[in-house]
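Secondary and tertiary structure notes
The primary structure of each chain is shown beneath.
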Amino acid sequence: MKEQIEEIKKKALQKIQEVKDSKELNDLRVNVLGKKGELTQVLRGMGSLAPEERPKIGDLVNKVKSQIEMQIEKAEKEFAKRELEAKLEKEKIDITLPSEKVKRGSKHPVNRMIEKIEDLFVSMGYDVVSGPELETDEYCFERLNLPKGHPARDMQDSFYITEEHLLRTQTSSVQARTLMKYKDNPQPIRIIVPGKTYRKEDDATHSHQFCQCEGLVIDKKENHVSLADLKGTLEIFVKEVIGDNLDLRFRPSYFPFTEPSYEVDVTCFKCLGKGCSLCKQTGWIEILGAGIVHPNVLKMNGYDPDVWGGFAFGPGLERLTMFRYGIPDMRYLYTNDIRFLKQFDRKED
Ligand code: DAH
């Protein structure tokens, strides 16, 4: 029996050297040490031994068992190490490989324009404020000196949601909102309001949604905020935002919330004043409405027109953007063609 045990041990230790992976090793463990394993079988035959032999053989079997177990454990560790190494090798990352290009979006040119305008006016001490796009008739028209039934309401075709609510047709609504905000404690105001506006237009040169940027400056009358200040402000605005080789022209016009009112033209950016199809041979292109704030607007919104006064202006932003970047057709701004948008990433702002 002793020889039999030694034989099992010899064979087992040899096999441990030969196994190729942890599965084979496990099979070996079951075959030798398991319930029906070779060594266990030998122990079963102990009954036939002389009583004084039994402890000796028992001792030997236990020793052999732990020797085999130790070797199996050692081999197991070796396999685990090798398997881990193989895995690491397989998953190795080559940090010298060039990275995949990450696709990034592009800022829309109108948004670039808004940022440019904000930077300029903030540098001149203005605040940037916003107001609701779903506006009341009261703020969009009535408080701007446009009572119901006023013929000038026909200047803007509106999207009404209810009798009282509409999508704002002009950022001028925020003039009234700002004045009303301070009505109990009137104070100087210097704001710009970039934002979306909506009109029921569907011809080829207009969109039903576009952007404007209202401007409002209010101060004590004794500080003489005048037409000259409006002109100076708009000159800086045009030079900074569109280009410094352009002239301005003030044409008398009519808006219910300003008196006097003007439409302001700039030299056509395409022909530089010579006359072309874009400017309809006039050499000028209209960019904004402006004027001195009407006393009724001040009065209706809690500012005493004998004490306070100022100017307002409201350019459309799509046109300005087209001038700045030389975009020939407004529809490019709405189709969101990524090839079009990408071009502006390369432009210096
Ligand atoms: N809100 C006017 C429009 O949409 C533009 C405008 C004209 C704004 C005169 C003003 C202004 O602030 O003073 O046509």
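Residues numbered from 1 in each chain as written. Predicted model: local features only at pLDDT ≥ 70, side-chain atom pairs only at ≥ 80, totals over all residues. Heavy atoms only, no water.

Spatial ordering of the open sheet is given by S1-S4-S5-S9-S8-S7-S6, a layout of 7 strands whose pairing is mixed. Strands at the two margins of the open sheet, each flanked by one partner only, are strand S1 (127-128) and strand S6 (248-255). (Pairing = 2+ DSSP bridges. Helix = DSSP H or I, 4+ residues; strand = E, 2+ residues; numbered from the N terminus.)

Before going further, it helps to spend a moment on the packing of helix H2 (residues 22-33) against helix H4 (residues 53-90). For any two helices packed against each other, one specifies the inter-axial angle together with the distance between the axes. It is the contact of H2 with H4, at a shortest axis distance of 10 Å, that shows an interaxial angle of 170°. In terms of orientation, H2 lies roughly antiparallel with respect to H4. Judged by residue contacts, Ser22, Leu25, Arg29, Val32 and Leu33 of H2 engage Lys65, Ile68, Glu69, Ile72, Ala75, Glu76, Phe79 and Glu83 from H4. Class assignment for the residues of the contact of H2 with H4 results in 7 nonpolar, 1 polar and 5 charged. (Axes fitted to C-alpha atoms, helices over the stretch in contact; angles between N-to-C directions. Parallel < 35°, antiparallel > 145°, perpendicular 65-115°, else oblique. Contact = heavy atoms within 4.5 Å. Nonpolar A, V, L, I, M, F, W, Y, C, P; charged D, E, K, R; others polar.)

Quick look at the environment of glycine 302 now. Relative to the helices and strands, glycine 302 is located in the loop between helix H9 (295-300) and strand S9 (308-315). In this structure the C-alpha to C-alpha distance between glycine 302 and tyrosine 182, which are 120 residues apart in sequence, comes to 7.9 Å. Beyond its immediate chain neighbours, meaning those up to four positions away, glycine 302 contacts Lys183 and Pro186.

Before going further, it helps to spend a moment on the packing of aromatic side chains. With the rule as written, the count across this model stands at 11 aromatic pairs. Relative to tryptophan 308, the ring of tyrosine 303 lies with its centre 5.3 Å away and its plane at 70°, an arrangement referred to as edge-to-face. We classify tyrosine 303 as buried; its relative accessible area is 1%. One aromatic cluster in this structure is built from Phe121, Tyr126, Phe237, Phe311 and Phe313. Here arginine 143 stacks its cationic end above the ring of tyrosine 139, 5.6 Å away from the centre of that ring. Over the aromatic face of tyrosine 325 sits the side chain of arginine 324, whose NZ or CZ is 5.6 Å from the ring centroid. (Phe/Tyr/Trp six-rings, centres within 6.5 Å; stacked < 30°, edge-to-face > 60°. Buried < 20%, exposed > 50% of the residue type's maximum accessible area, 1.4 Å probe, protein only. Lys NZ or Arg CZ within 6 Å of the ring centre and 35° of its normal.)

Judged by nonpolar contacts, the single largest core of 42 residues is most densely connected at Ile117, Leu234 and Phe237. Per element, the largest residue contribution to this core is 6 residues, and it comes from helix H5 (residues 109-123). If we skip the residues at most four places from it in the chain, phenylalanine 237 touches Ile117, Leu120, Phe121, Ile242, Leu288, Pro315 and Leu320. Listed in part, the 24 residues of the second largest apolar core include Leu166, Val174, Phe257 and Val293. (Core = buried A, V, L, I, M, F, W, Y, C linked by side-chain atoms within 4.5 Å.)

This paragraph deals with H4. Taking 1.5 Å of rise per residue, 38 residues should cover 56 Å, and H4 covers 55 Å from first to last C-alpha, within 8% of that figure. Burial in H4 covers these residues: Ile57, Gly58, Leu60, Val61, Val64, Ile68, Ile72, Ala75 and Phe79. Each element contacted by the buried residues of H4 is listed here: helix H1 (2-18), H2 and helix H3 (38-44). (Expected span 1.5 Å × (residues − 1).)

Our focus in this paragraph is the pattern of salt bridges. Working definition: two side chains of opposite charge can pair if their charged atoms are close together. A complete count under the given rule lists 20 salt bridges for this structure. A single salt-bridge network, built from bridges that share partners, covers Asp137, Glu142, Lys148, Arg153 and Glu164. (Salt bridge = Lys/Arg side-chain N within 4 Å of Asp/Glu carboxyl O.)

Near the ligand you find 16 residues, and of these Gln170, Ser172, Arg199, Gln212 and Glu214 are the closest. The contact in question runs from an oxygen atom of the ligand to an N or O atom on the side chain of glutamate 214, over 2.6 Å. When the free accessible area of the ligand is taken as 350 Å², the share hidden by the protein chains comes to 92%. Residue assignment for the shell around the ligand shows that the elements contributing at least two residues are strand S5 (209-220), strand S8 (284-293) and S9. When the residues that make up the shell around the ligand are grouped by side-chain class, the tally is 5 nonpolar, 9 polar and 2 charged. (Near = heavy atom within 4 Å. Polar contact = N/O pair within 3.5 Å; in protein donor to acceptor, adjacent residues only side chain to side chain. Areas by Shrake-Rupley, 256 points an atom, 1.4 Å probe, with all protein chains shown as cover.)

This part is about the side chain of histidine 108. With respect to the element layout, histidine 108 can be found in the loop between H4 and H5. Assessed through its relative accessible area of 17%, histidine 108 is described here as buried. Here the side chain of histidine 108 touches leucine 333 through a polar contact of 2.8 Å, landing on its backbone oxygen. With residues near it in sequence (within four places) discarded, histidine 108 still touches Leu333, Asn336 and Leu341.

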